[in-house]
Amino acid sequence: MTQRKTALVTGSGTGVGAATVLQLAQRGWNVVVNYSRSEQEAQQSAAACRAAGADVLVQRADVADDAQCRALVEATMARWGRLDALVNNAGVSVFGQAAGWDALDAAAFQRILGVNTVGSFQMVRAATPHLKAVQGCIVNVSSVAGALGIGSSIPYIASKGALNAMTLHLARTLAPEVRVNAVCPGLITSRWFSRALGDEAYDKVRTAYEAEVPLGRACSPEDVAEAIVWLVDGARTVTGELVLLDGGMHLGRAARR
């Protein structure tokens, strides 16, 4: 077994996941870069982590498929013989509010829940025996959607609400060996939002968001990664927390002077 700690971050080819593996690599961790579609970006993410001194495993897997989840964990153990942290970051959504309910069919619900909620559970189930062996931790990347009931679509809100509830349950049942927490970002300045909305619509949403929230700014992927890394590599007495990274949006409209 290697003495260097190892983290498996799902969906780490781009965005928050890529920022997370890089920050962990810079702190002396070995990392698994996982992707389902973005192979080129995953290789770029891996190269950045290697440049920071990490040993890196690049592994394709769709977390909605239980067999692929198990294979992802098995590949990690085969490479290093240990798993210290699981970050469930892979996620999908559709954009459709109440006025567009007809677009939100059962298939959309099932795909979103399959990745965001069931996929996270499947990764936890596969990883837990190995995490327990080293007093490891889990961080679920959720959303303010699950905490505040607002977001890109009802299936997405439901999936993140379920993930938050699962986080609390797992924190109780996996203690004391494994700490389990979640981060709940608001708007993130990543291509995930801009590609989904289009550049013009995204700019409008970001401007409105930053005008409303008390801190006056959206999260960058690096901001979210910093919180994840703190929960992974510090926070030794923290479990069962849903950390809101929303610029204070949950407080209500900013009182501008």
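Values in this document were obtained by computation on a predicted structure and should not be read as measured data. (Residues numbered from 1 in each chain as written. Predicted model: local features only at pLDDT ≥ 70, side-chain atom pairs only at ≥ 80, totals over all residues. Heavy atoms only, no water.)

**Let's talk about the overall build of the protein**
Of regular secondary structure, the protein possesses 9 helices and 7 strands. In terms of C-alpha radius of gyration, the protein reaches 18 Å, essentially the compact-globule figure of 18 Å for 257 residues. Projected onto the principal axes, the alpha-carbon positions of the protein cover approximately 55 × 45 × 40 Å. Going through the 257 residues of the protein one by one, you find that 49% of them count as buried. Residue pairs in contact within the protein that sit at least 24 positions apart in sequence constitute 75% of those at least 6 positions apart. With the model as given, the accessible surface of the protein reaches about 11600 Å², and the carbon-plus-sulfur share is 53%. Taking the average place of the 24 positive charges on the side chains of the protein and the average place of its 22 negative ones, the gap between the two points comes to 5 Å. (Helix = DSSP H or I, 4+ residues; strand = E, 2+ residues; numbered from the N terminus. Rg over C-alpha atoms; globule rule 2.2 N^0.38 Å. Buried < 20%, exposed > 50% of the residue type's maximum accessible area, 1.4 Å probe, protein only. Contact = heavy atoms within 4.5 Å. Areas by Shrake-Rupley, 256 points an atom, 1.4 Å probe, with all protein chains shown as cover. Lys, Arg positive; Asp, Glu negative; His and termini not counted. Charge placed at Lys NZ, Arg CZ, Asp CG, Glu CD.)

**Observations concerning the state of the cysteines**
Going through the model one piece at a time under the given rule, you end up with 0 disulfides. Residue Cys-49 stays outside any disulfide, its sulfur separated by 17 Å from that of Cys-137, the closest cysteine. When its relative accessible area of 0% is taken as the criterion, Cys-49 is described as buried. Unpaired in terms of disulfides, Cys-69 finds its nearest cysteine sulfur in Cys-137, a separation of 18 Å. For Cys-69, a relative accessible area of 1% puts it in the buried group. (Disulfide = S-S within 2.5 Å.)

**Overview of the pairing of strand β3 (residues 56-60)**
In terms of strand pairing, strand β2 (residues 30-35) meets β3 through 5 bridges, oriented parallel. By the bridge assignment for β3, Tyr-35 is matched with Arg-60. Chirality of the crossover, the property in question, places the unit of β2, helix α2 (residues 39-51) and β3 among those that are right-handed. (Pairing = 2+ DSSP bridges. Right-handed = clockwise from strand over helix to strand, strands pointing away.)

**What to know about the packing of helix α1 (residues 15-26) against α2**
It is the contact of α1 with α2, at a shortest axis distance of 8 Å, that shows an interaxial angle of 15°. By the criterion of interaxial angle, the relationship of α1 to α2 is roughly parallel. When you trace α1 past α2, the crossing you get is right-handed. Judged by residue contacts, Ala-18, Val-21, Leu-22 and Ala-25 of α1 engage Ser-45, Ala-48 and Cys-49 from α2. Looking at side-chain class alone, the contact of α1 with α2 contains 6 nonpolar, 1 polar and no charged residues. (Axes fitted to C-alpha atoms, helices over the stretch in contact; angles between N-to-C directions. Parallel < 35°, antiparallel > 145°, perpendicular 65-115°, else oblique. Left-handed = near helix turned anticlockwise from the far one by under 90°. Nonpolar A, V, L, I, M, F, W, Y, C, P; charged D, E, K, R; others polar.)

Any link to function would need more than the numbers given here.
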